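Analysis of the macromolecular model
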Amino acid sequence: MTQDEASGELVAERGAPREKKLNFFARIALFIRQVFAELRKVVTPTRQELLKFTAVVLGFVVVMMAIVYGLDVLFVWITTAVFGVPGTAGA
């Protein structure tokens, strides 16, 4: 692989040997090794961080519920104002 001067992208060289394709079981083993390598990079949050993140998520959910509830009440009011309440026209 070489870097293209014009675009800066990596491109394959002409005549460069191609990588040998792994068999099915070797690909599975490589995948599992890569999964474990990525799992070693995971950082577990502290208790304080976990509580803070939980509070932020719950706060966001409450705000979104309030917005949806407010829009629902608004649309009910608009619908009632435009179309009226059924059954009261003949009374």
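All of these numbers come straight from a predicted model, not from anything done at the bench. (Residues numbered from 1 in each chain as written. Predicted model: local features only at pLDDT ≥ 70, side-chain atom pairs only at ≥ 80, totals over all residues. Heavy atoms only, no water.)

**Digging into the overall build of the protein**
A tally of helices and strands in the protein yields two helices and two strands. Of the regular secondary structure in the protein, the N- to C-terminal order runs β-β-α-α. Across the 91 residues of the protein, 0% fall into the buried class. Accessible surface computed for the protein: about 9100 Å², of which carbon and sulfur atoms make up 67%. (Helix = DSSP H or I, 4+ residues; strand = E, 2+ residues; numbered from the N terminus. Buried < 20%, exposed > 50% of the residue type's maximum accessible area, 1.4 Å probe, protein only. Areas by Shrake-Rupley, 256 points an atom, 1.4 Å probe, with all protein chains shown as cover.)

**A word on the confidence of the model for the protein**
The predicted model of the protein has a mean per-residue pLDDT of 85, with 74% of residues at 70 or higher. Within the protein, the element-level pLDDT minimum falls on strand 1 (residues 2-3), averaging 61, and the maximum on helix 2 (residues 47-83), averaging 96. (pLDDT = per-residue confidence, 0-100.)

**Quick look at the pattern of salt bridges**
Counted according to the given criterion, the structure contains one salt bridge. A salt bridge links K41 to E38; its shortest N-O distance comes to 3.1 Å. With relative accessibility at 58%, the residue K41 sits in the exposed group. Overall, E38 belongs to the partly exposed group, its relative accessible area being 46%. (Salt bridge = Lys/Arg side-chain N within 4 Å of Asp/Glu carboxyl O.)

**Let's talk about helix 2**
Taking 1.5 Å of rise per residue, 37 residues should cover 54 Å, and helix 2 covers 53 Å from first to last C-alpha, within 8% of that figure. Where helix 2 ends, the next residue or the one after it, G84, has phi of about 80°, a positive value. (Expected span 1.5 Å × (residues − 1).)

**Considerations on the packing of aromatic side chains**
Scanning all chains against the criterion turns up one aromatic pair. For the pair F24 and F25, a centre-to-centre distance of 5.4 Å together with 75° between the ring planes defines the contact as edge-to-face. Here F24 matches F25 in class, with each residue exposed. (Phe/Tyr/Trp six-rings, centres within 6.5 Å; stacked < 30°, edge-to-face > 60°.)

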